[in-house]
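Notes for the structure review
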Amino acid sequence: MKWNLMATGLALALTAGVMSSAANAAGCLKGAAVGGVAGHVAGHHGVLGAGAGCVIGHHEASKHARQRQQATQNQGSGSSATSKYGQSEPAR
């Protein structure tokens, strides 16, 4: 019983730490939902799974945001043409 309380407290602390501001919450809710379901199915550890999913979801969202920012910066400095659909095409 004590172990469940400690795991729940740790998961809540991790979730609260990641969700301290709205800007940092990107990916956390989706990750928490997936992690909660996976944790519940894996052994009735839904809260622990939700905390871990929140952390992983936030990490993945930050990684994708960084990639999008780099792509935007590279797009402005390259010599590629833009098609009529707004997608860049390689220079020929």
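Residue numbers here run from 1 along each chain, matching the order of that chain's written sequence. Side-chain atom pairs in this predicted model are given and counted only at pLDDT of 80 or more, local residue features only at pLDDT of at least 70, and totals for whole chains, interfaces and linings cover all residues. Hydrogens and water are ignored here; the side-chain numbers use all heavy atoms of the structure.

1. A word on the pattern of salt bridges
Any Lys or Arg side-chain nitrogen found within 4 Å of a carboxyl oxygen on Asp or Glu counts as a salt bridge. According to the stated counting rule, one finds one salt bridge in the structure shown. Of the charged contacts in the structure, one is a salt bridge between lysine 63 and glutamate 60, with a shortest N-O distance of 3.5 Å. Linking lysine 63 with glutamate 60, this pair stays in helix α3 (residues 46–77), spanning three residues, or about one helical turn. Only runs of H or I of at least four residues qualify as helices and only runs of E of at least two qualify as strands under DSSP, and these elements are numbered from the N terminus.

2. Re the environment of lysine 30
Take lysine 30: it is sitting in helix α2 (residues 28–43). The spacing of lysine 30 and histidine 58 is 28 residues in sequence and 9.1 Å in space, taken between C-alpha atoms.

3. Here's the deal with the confidence of the model for the protein
Note: pLDDT gives the predictor's confidence per residue, expressed from 0 to 100. When pLDDT is averaged along the protein, the result is 76, and 57% of the positions lie at 70 or above. Mean pLDDT values for the elements of the protein range from 56 in strand β1 (residues 81–82) up to 89 in α2.

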